[in-house]
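The residues making up each chain are set out below.
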Amino acid sequence: STRVRSSAASDVYKRQERTACIEEEKVDAILVRVGPGKMQVIKIIKEITGLDLKTTTDIVNGAPKAVKENISRDEAEKIKQKLESVGATIEVKWI
């Protein structure tokens, strides 16, 4: 009975540990393809990164290129969602 309880507790602990590791993983958000809304993509990337217009334009014109690097998976998914809403293709790469 004690073994069963400790085994179940161990399983719960392992699941929580795996979830924490996934949440802490760092990723890169890569602009793969700009799509039809180039000006909107530039505007969103400028807003996301805080970079100047020239640097932002260089990122867009140089696709595939990293929009943001070494960020949380959650942040990368938000970036992906914003940019895909204007027709861009984004890849989230685990580092």
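Residues numbered from 1 in each chain as written. Predicted model: local features only at pLDDT ≥ 70, side-chain atom pairs only at ≥ 80, totals over all residues. Heavy atoms only, no water.

Chemist: How should the pattern of salt bridges be read in this particular structure?
Modeler: Two side chains of opposite charge can pair, provided their charged atoms sit close to one another. The final tally for this structure, using the stated rule, is four salt bridges. Between Lys54 and Asp58 there is a salt bridge; the shortest N-O distance is 3.1 Å. You can see Lys54 and its partner Asp58 sitting in helix α3 (residues 53–61), four residues apart, about one turn around the helix. Taking the relative accessible area as the measure of exposure, Asp58 reaches 38% and is therefore partly exposed. We note a salt bridge from Asp74 to Lys78, for which the minimum N-O separation is 3.5 Å. Of this pair, Asp74 and Lys78 are both found in helix α4 (residues 73–84), four residues apart, which corresponds to roughly one turn of the helix. What makes Asp74 partly exposed here is its relative accessible area of 49%. (Salt bridge = Lys/Arg side-chain N within 4 Å of Asp/Glu carboxyl O. Helix = DSSP H or I, 4+ residues; strand = E, 2+ residues; numbered from the N terminus. Buried < 20%, exposed > 50% of the residue type's maximum accessible area, 1.4 Å probe, protein only.)

Chemist: Which parts of the structure should I look at to understand the side chain of Asp28?
Modeler: Here Asp28 lies in strand β1 (residues 26–33). Looking at Asp28, its side chain comes within polar contact range of the main-chain nitrogen of Asn70, at 2.9 Å. Non-local contacts of Asp28, meaning those with residues more than four positions away in its chain, are made with Lys68, Glu69, Asn70, Glu91, Val92, Lys93 and Ile95. (Polar contact = N/O pair within 3.5 Å; in protein donor to acceptor, adjacent residues only side chain to side chain. Contact = heavy atoms within 4.5 Å.)

Chemist: Quick question: what am I supposed to make of the sheet that holds β1 here?
Modeler: Paired through their backbone hydrogen bonds, the strands of a sheet run either parallel or antiparallel. An order of β2-β1-β3 is seen for the three strands of this open sheet, with the pairing classed as antiparallel. In this open sheet, the two edge strands, each paired with only one partner strand, are β2 (65–72) and β3 (89–94). With direction set aside, neighbouring strand axes in the sheet form an average angle of 25°. As judged from the five bridges shared by β1 and β2, these two strands associate in the antiparallel manner. What sits directly across from Val27, in β2, is Ile71. Sitting on the sheet, helix α2 (residues 38–49) is in contact with β1 and β2, with an inclination near 35° to β2. (Pairing = 2+ DSSP bridges. Axes fitted to C-alpha atoms, helices over the stretch in contact; angles between N-to-C directions.)

Chemist: Help me understand the confidence of the model for the chain in this model?
Modeler: Close inspection of predicted coordinates is inappropriate in any region flagged by low pLDDT. Mean pLDDT over the chain works out to 85, with 75% of the residues at or above the 70 mark. Confidence, read as mean pLDDT per element, is least for helix α1 (residues 2–24) in the chain (57) and greatest for α2 (96). (pLDDT = per-residue confidence, 0-100.)

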